[in-house]
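Examining the three-dimensional arrangement
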Amino acid sequence: MEAVKSSVEKVLGKLSLSDAQEPSAEEVQSLRSKYEAVDQGHVFALWDKLSSSEKATFYQQLAKFDPARVAKLSEEALNPPPPAETPKVEPLPEDATASILDSPDSSIQAWHELGLELIARNEVAVVLMAGGQGTRLGSSAPKGCFDVGLPSKKSLFQLQAERIYKVQELAAKKAGNSKAIVPWYVMTSGPTRGPTQAFFEENKYFGLSKENVIFFEQGVLPCISNEGKIILESKSKVAVAPDGNGGIYRALIPEVLPDLKARGIKHVHAYCVDNSLVKVCDPVFIGFSASKDVDLATKVVRKRNATESVGLILLKNGKPDVVEYSEIDTETAEAKDEKNKDILKFRAANIVNHYYTTRFLNTIPDWVDEMPHHVARKKIPFCDTATGEQHKPEKPNGIKLEQFVFDIFPRIALDKFACLEVKREDEFSPLKNARGTGEDDPDTSKRDVMNQGKKWVEAAGATLVSEEASTGVEVSPLISYGGEGLEFLKGREIKGPAVIDKE
């Protein structure tokens, strides 16, 4: 992590607030009137006590918000409509779903080949949601910088970059092209923007072309008090919070959508950074989605058991949606599939892994303002606008507003929505908790990558020998994307733990 800190310091050292100038009295009054018009004029209560530089930066922050929109969101959040009646939930219709677990090999191969063909045409891009910090992992760095403990010491960012590199290579080879390009759009948050870019610079973009790695930032929203007022963090700063992974849609508008159009991109794969097994730009998923001509598709894994607390993708009142575990009663959660009593009726666990067409993403400006916001009640440090004193509350004193990426699902026509079930052990190993937790932590992430590699090398005809039964193999994504290309290992004896990073 020292390299990360050094890189961050270099980037931050280049930043300067000297360009920010104190606004004129007219500019201040104009902005103040907008806040006062929606009863939020208190944000200027301590204005006269600020230094010139504080006024400059505070004005810049306040000018970025639309106070009327903030006031409207605050009113809706604090005065929600009465709870709706218990929704009617049903599994997605069969014609909208498929499963890697039971689809014919011929279908999977056809999807794979179509996906590679689209990638080779330079029609596919990837969007990474990487705004989170590794706080729960014991790190202040962006989550993508985290090393789960693999023998190679590769970070999540590096593993994912190398999968993009490899899939470009596979697509180009399949099509007989000199190269294929998959642009990678990396969404950060305000706190992670600088450290993330610094990490990529320090590591030379992990072998990818710099011009094909594009950083953009998710938005933030002011924190709101229980009384509906914008909370000040200090005399010269509004308390803010990221607008959730659903903020991706608004964040795409200024720079990413125009760039997708300029590059001729038609298909987009979007996913979260904290999954050590994620198949970035998965040809099978791209091909499956494109073959069905849907606007939005999602990957799911099979729910482990009736009590696993995961969101489920299903039909809610006849529309595609995600229903949280807490919203489903025990009888529904335990219901068995009518055709196969060995599996759950509602089993499509959400892993935040989606496909979009750019024709759909280009409609974002038409509906983004209608997306709902969800309330999280929090203890938010605040500045008393009467005294200028700062306080740390002992109980929740306000709310943070966020959106979820799946909030858009109900707007999608059912014939334009699809769902692909994949194998958990092949594609989903989330990193959520600190080491030693025993679930969704660095140790389980490492174990899952090593187990996958072990399976691949043994399928290729190699023999793994080790004194420990749990020892596995790390196969570099630069050598194999999904288990292919390992024929050179046939007949070899591999002593674990091992790293396969060259032929």
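The structure we're discussing is the one just above.
What counts and how
- Residues numbered from 1 in each chain as written.
- Predicted model: local features only at pLDDT ≥ 70, side-chain atom pairs only at ≥ 80, totals over all residues.
- Heavy atoms only, no water.
- Helix = DSSP H or I, 4+ residues; strand = E, 2+ residues; numbered from the N terminus.
- Polar contact = N/O pair within 3.5 Å; in protein donor to acceptor, adjacent residues only side chain to side chain.
- Contact = heavy atoms within 4.5 Å.
- Salt bridge = Lys/Arg side-chain N within 4 Å of Asp/Glu carboxyl O.
- Buried < 20%, exposed > 50% of the residue type's maximum accessible area, 1.4 Å probe, protein only.
- Pairing = 2+ DSSP bridges.
- Right-handed = clockwise from strand over helix to strand, strands pointing away.

This part covers the side chain of lysine 299. Its location among the elements puts lysine 299 in strand 12 (residues 296–302). Side-chain polar atoms of lysine 299 contact the side chain of aspartate 282, separated by 2.8 Å. Excluding its chain neighbours within four sequence positions, the residues that come into contact with lysine 299 are Lys279, Asp282, Phe285, Ala349, Ile351, Asn353, Leu420, Val422 and Glu427.

Let's shift gears to the pattern of salt bridges. Within the structure shown, the criterion is met by 31 salt bridges. Residues lysine 229 and aspartate 39 are paired through a salt bridge, measuring 2.8 Å at the closest nitrogen-oxygen approach. One end of the pair, lysine 229, is in the loop between strand 7 (224–225) and strand 8 (232–234); the other, aspartate 39, is in the loop between helix 2 (25–36) and helix 3 (52–64), with 190 residues separating them in the sequence. Here lysine 229 falls in the partly exposed class, since its relative accessible area comes to 27%.

With that out of the way, let us pick up the pairing of strand 4 (residues 184–188). For strand 4, the buried fraction is high: 5 of the 5 residues fall into the buried class. The alternating pattern of strand 4 places Trp184, Val186 and Thr188 on one face and Tyr185 and Met187 on the opposite face, and all of these are buried. Relative to strand 4, strand 3 (residues 124–129) runs parallel, the two sharing 4 bridges. By the bridge assignment, leucine 128 is partnered in strand 4 with valine 186. Since strand 3 and strand 4 lie parallel, the crossover through helix 6 (residues 156–175) that links them has a hand, and here it is right-handed. Across 5 bridges, the pairing between strand 4 and strand 5 (residues 213–217) is parallel. Counted as the bridge partner of methionine 187 is phenylalanine 216 from strand 5.

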